[in-house]
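# Architecture and fold: a report
Each chain, letter by letter, is given below.
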Amino acid sequence: MKIGKVLRMLLSERDEKGKIHLTLIDPEKTSPEEAERIAMTAADAGSTAILIGGSLGIFEPLLSEVVRAVKKSGLPVILFPGNINGLTPHADAVLFMTLMNSDDPYYVTGVQAQAAPIVLRMGIEPIPTAYIIVGYGGAAGYIGRARPIPYERSDILAAYALASAMMGASLIYLEAGSGAPRPIPPSSVRVVKSVLNSAGFDGLLIVGGGINSPEVAAAIAEAGADGIVNGTLVEKDPRSLYDMVNSLRLRNSRP
Ligand SMILES: CC(C)=CCC/C(C)=C/CC/C(C)=C/CC/C(C)=C/COP(=O)(O)OP(=O)(O)O
Ligand SMILES: O=P(O)(O)OC[C@@H](O)CO
Ligand SMILES: [Mg+2]
């Protein structure tokens, strides 16, 4: 499949600035007005794009209203769906995810078959994404029937990441779960990055879940993540985005 506009933009931001930052907004917890304010702050802070999604409580017309409100920020809006109800034609792209370590075939290939014709008709860009759940796992791990990879087993995580690359993922998302009490250790990110590099993977390695301080974000980025995701922290305090984005030391980023 040809690379779409949004993935191209994420890759070129990574190549030019070194890292990318993704701001997650959950329409279950954020009204369209709040979502617009968060997205404006994210744009001003230098975040690269907005992810919209949640594991539970996603319905229309609220999802589309949140997406339309967020689009006013000018940042690309990328759906992060927990199921087919997470799709709307108002977004720019969708993380077209397979949950690599789910025990339920629905989350590995079933929902994708349900979603593919809808995504095509909606005209949104599918970004081929492998989603791998580690440790705590949160709502996504529970709902997605994941068998979370133990935090310290970087060897298992690296094997799943390598399989993701060999299966053609453009974006590999390592997830500790929203609100995780402990993020994925930087040491594991380092192992994954090194294995992916040795296989010539040139897509995006994204890490999320429980990244609640600029120091942790910096350590995960330094270990080799191309980008990090912040959700829970942004819901609590959108202004925390300034320190988060700055901690990634984006080249040419605003002070
Ligand atoms: C391809 C399409 C249409 C869908 C893919 C569906 C898959 C594979 C889902 C994986 C499992 C899942 C339920 C993922 C949800 C990911 C997500 C949107 C997480 C956002 O955080 P929440 O899980 O809502 O966290 P809170 O508990 O903080 O609300
Ligand atoms: O809410 P937090 O803990 O920032 O996690 C973000 C994202 O990885 C959740 O899917
Ligand atoms: Mg949620």
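Residues numbered from 1 in each chain as written. Chains lettered and ligands numbered in written order. Predicted model: local features only at pLDDT ≥ 70, side-chain atom pairs only at ≥ 80, totals over all residues. Heavy atoms only, no water.

Going by an unreviewed UniProt entry, the chain carries the name Geranylgeranylglyceryl phosphate synthase and comes from Acidilobus saccharovorans. Regarding the chain, the relevant UniProt record gives this comment under Sequence similarities (unreviewed entry): "Belongs to the GGGP/HepGP synthase family. Group II subfamily." In its Pathway (unreviewed entry) section, the UniProt entry covering the chain states "Membrane lipid metabolism; glycerophospholipid metabolism." (UniProt positions renumbered as here; feature names shortened; annotations may be inferred.)

Counted under the stated rule, the structure contains eleven salt bridges. Here Arg14 makes a salt bridge to Asp15, at a shortest N to O gap of 2.7 Å. According to the relative accessible area criterion, Arg14 is buried, its value standing at 13%. One salt bridge in this structure joins Glu222 and Arg190, with 3.0 Å as the shortest N-O distance. Of the two residues, Glu222 is situated in helix H8 (residues 214–222) and Arg190 in helix H7 (residues 186–198); the sequence distance between them amounts to 32 residues. (Salt bridge = Lys/Arg side-chain N within 4 Å of Asp/Glu carboxyl O. Buried < 20%, exposed > 50% of the residue type's maximum accessible area, 1.4 Å probe, protein only. Helix = DSSP H or I, 4+ residues; strand = E, 2+ residues; numbered from the N terminus.)

In the region of ligand 2, 13 residues are neighbours, and Tyr173, Glu175, Gly179, Gly210 and Thr232 sit closest. One of the side-chain N or O atoms of Thr232 is found 2.5 Å from an oxygen atom in ligand 2. The site holding ligand 2 turns out to be the largest pocket. Contributions of two or more residues to the shell around ligand 2 are made by strand E6 (171–175) and strand E8 (227–230). Here the shell around ligand 2 is composed, by residue class, of four nonpolar, eight polar and one charged. (Near = heavy atom within 4 Å. Polar contact = N/O pair within 3.5 Å; in protein donor to acceptor, adjacent residues only side chain to side chain. 1 Å grid on protein atoms, 1.4 Å probe; cavity = no way out; pocket = protein on both sides within 12 Å on 5 of 7 lines; lining within 4 Å. Sits in = over half its atoms within 2 Å of the grid points. Nonpolar A, V, L, I, M, F, W, Y, C, P; charged D, E, K, R; others polar.)

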